[in-house]
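Close look at the chain arrangement
So the chains spell out like this:
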Amino acid sequence: ALLRAAAAALRHGDGVFLLVPRTGHRVTAQADGAVHARWEHRGGWQRFSLERLGGAGDLRSGDVVLLRAWTGKRLTVQGVRVHARFDHGGAWQRFVLEAKGAEVGDVVSAKSTIFLKAHTGKVVDADAPVAPGVVQARWADLGAWQELVIEWDGRTPSCAALTASSIPELLTTMTVQLPSALSSDCAGFGVRPSCRHGFYAASP
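If you're wondering where the values come from, they're calculated on a predicted model, not measured in any experiment.

Some points on the packing of aromatic side chains
- Throughout the structure, instances matching the rule amount to three aromatic pairs.
- A ring pair is formed by W45 and W70, whose centres lie 5.6 Å apart and whose planes are at 5°; its orientation type is stacked. One end of the pair, W45, is in the loop between strand 3 (35-39) and strand 4 (48-52); the other, W70, is in the loop between strand 5 (64-68) and strand 6 (74-78), with 25 residues separating them in the sequence.
- For W45, a relative accessible area of 36% corresponds to the partly exposed category.
- Here W139 and W145 contribute two aromatic rings whose centre-to-centre distance is 5.9 Å and whose plane-to-plane angle is 40°, an arrangement assigned as tilted.
- Through a chain of ring-to-ring contacts, the aromatic side chains of W39, W45 and W70 assemble into a single cluster.

As for the nonpolar core
- Ranked by size, the top nonpolar core spans 33 residues in total, and within it L75, L116 and I150 carry the most contacts.
- If we ignore the near neighbours within four places in the chain, the residues touching L116 are L18, V65, L67, F95, V96, L97, K122, V123, V124 and L148.

Considerations on the pattern of salt bridges
- Scanning the model with the defined rule gives nine salt bridges in all.
- Its salt-bridge partner being R74, residue E51 comes within 2.7 Å of it at the nearest N-O pair. One end of the pair, E51, is in strand 4; the other, R74, is in strand 6, and 23 residues separate them in sequence. As far as the burial class goes, E51 and R74 line up, both buried.

So, the environment of P129
- Examined against the element boundaries, P129 turns out to sit in the loop between strand 10 (123-128) and strand 11 (131-139).
- According to the relative accessible area criterion, P129 is exposed, its value standing at 55%.
- Taking the C-alpha atoms as reference points, P129 and W145, 16 residues apart in sequence, are found 8.5 Å from one another.
- Discounting residues that sit within four places of it in the chain, P129 has contacts with R22 and W145.

Conventions we followed
- Residues numbered from 1 in each chain as written.
- Predicted model: local features only at pLDDT ≥ 70, side-chain atom pairs only at ≥ 80, totals over all residues.
- Heavy atoms only, no water.
- Phe/Tyr/Trp six-rings, centres within 6.5 Å; stacked < 30°, edge-to-face > 60°.
- Helix = DSSP H or I, 4+ residues; strand = E, 2+ residues; numbered from the N terminus.
- Buried < 20%, exposed > 50% of the residue type's maximum accessible area, 1.4 Å probe, protein only.
- Core = buried A, V, L, I, M, F, W, Y, C linked by side-chain atoms within 4.5 Å.
- Contact = heavy atoms within 4.5 Å.
- Salt bridge = Lys/Arg side-chain N within 4 Å of Asp/Glu carboxyl O.

Right, here's the structure in full:
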């Protein structure tokens, strides 16, 4: 089993939600690739896998990231439109993630307010008063309309995303061999059968 502090840094491979703090709605990807922010739901359609272009490690302000929807497609900026119709990992799918009030290189934790700057130099805005529910990238502003709160989904990340250096101080790491009998159960939590990392709470 894996234990993790809620305030720990987000990492490559984490599942996240993008909350619009002004309205309480979350960015949603539908099966047809349409992206909107009309609902408050916190389900599969709202979950995105966080992918750092730099690979495994903590998420930091200024990182280039991709966001993969439940469909396997990634958030894409095409002109001013935001959709999730392509599984490409090119320029249109890349965002510079900037945490509000942070310096470049600062660690980004769950519930941080962030901005997503597209390849166009424009910043994603969602559910604006003049365009309810619409997610797009029209302006370079870093204002209230562009603010998103990044939430961790609370699930275990894949083994590829785990490193001993990113474990919270109150946890201890040990190397274990995952019993084959548990492989199918653990797979449901995103843990590969070959995972050899185990974590447990350290005694005070």
